Amino acid sequence: ALEIAAPGPAGAGLAASADEAAVASALGAGPRPGDLLERETRLLPDRFLAALFGLQRRGAVERLPGDLWRLTSR
């Protein structure tokens, strides 16, 4: 199971939501376009975007040119 901890002492040891874990897991196979990533996670659009941008806020994913998303090396 993939766990992503929020940065900083307050978030130490907190696992990502199941939605965020689904996004991160799909990105484990390499960079993906946003539309493909959404289909692969099978999340509803609002939940997908909340998970994706939550991961981006914490620096776990980054957007590349061409609407590609990838996991960061942090």
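A. Just the environment of Trp69, in detail. Within the secondary structure layout, Trp69 lies in strand β3 (residues 68-71). For Trp69, a relative accessible area of 3% translates into the label buried. Ignoring anything within four residues of it in the chain, the contact list for Trp69 reads Leu27, Pro31, Arg32, Gly34, Leu37, Leu52, Phe53, Gln56, Val61, Glu62 and Arg63. A distance of 3.5 Å separates polar atoms of two side chains, one belonging to Trp69 and the other to Asp67.

B. Broad picture of the confidence of the model for the protein chain. In this model, the protein chain carries an average pLDDT of 83, and 78% of its residues clear a pLDDT of 70 or more. Scored below 50 in pLDDT, residues 5-15 makes 12 contacts in the model with residues more than four places away or belonging to other chains.

C. Representation of the sheet that holds β3 within the structure. One open sheet accounts for 3 strands, arranged β1-β3-β2; its pairing is antiparallel. Two strands lie at the open edges of the sheet, namely β1 (32-33) and β2 (61-64), each paired on one side alone. In this sheet, β3 lies alongside β2 in antiparallel orientation, the contact comprising 4 bridges. Bridge pairing links Glu62 to Arg70 in β3. The strands touched by helix α3 (residues 45-57) within the sheet are β2 and β3, with β2 carrying the most contacts at an inclination of about 100°.

Definitions and cut-offs
Residues numbered from 1 in each chain as written. Predicted model: local features only at pLDDT ≥ 70, side-chain atom pairs only at ≥ 80, totals over all residues. Heavy atoms only, no water. Helix = DSSP H or I, 4+ residues; strand = E, 2+ residues; numbered from the N terminus. Buried < 20%, exposed > 50% of the residue type's maximum accessible area, 1.4 Å probe, protein only. Contact = heavy atoms within 4.5 Å. Polar contact = N/O pair within 3.5 Å; in protein donor to acceptor, adjacent residues only side chain to side chain. pLDDT = per-residue confidence, 0-100. Pairing = 2+ DSSP bridges. Axes fitted to C-alpha atoms, helices over the stretch in contact; angles between N-to-C directions.

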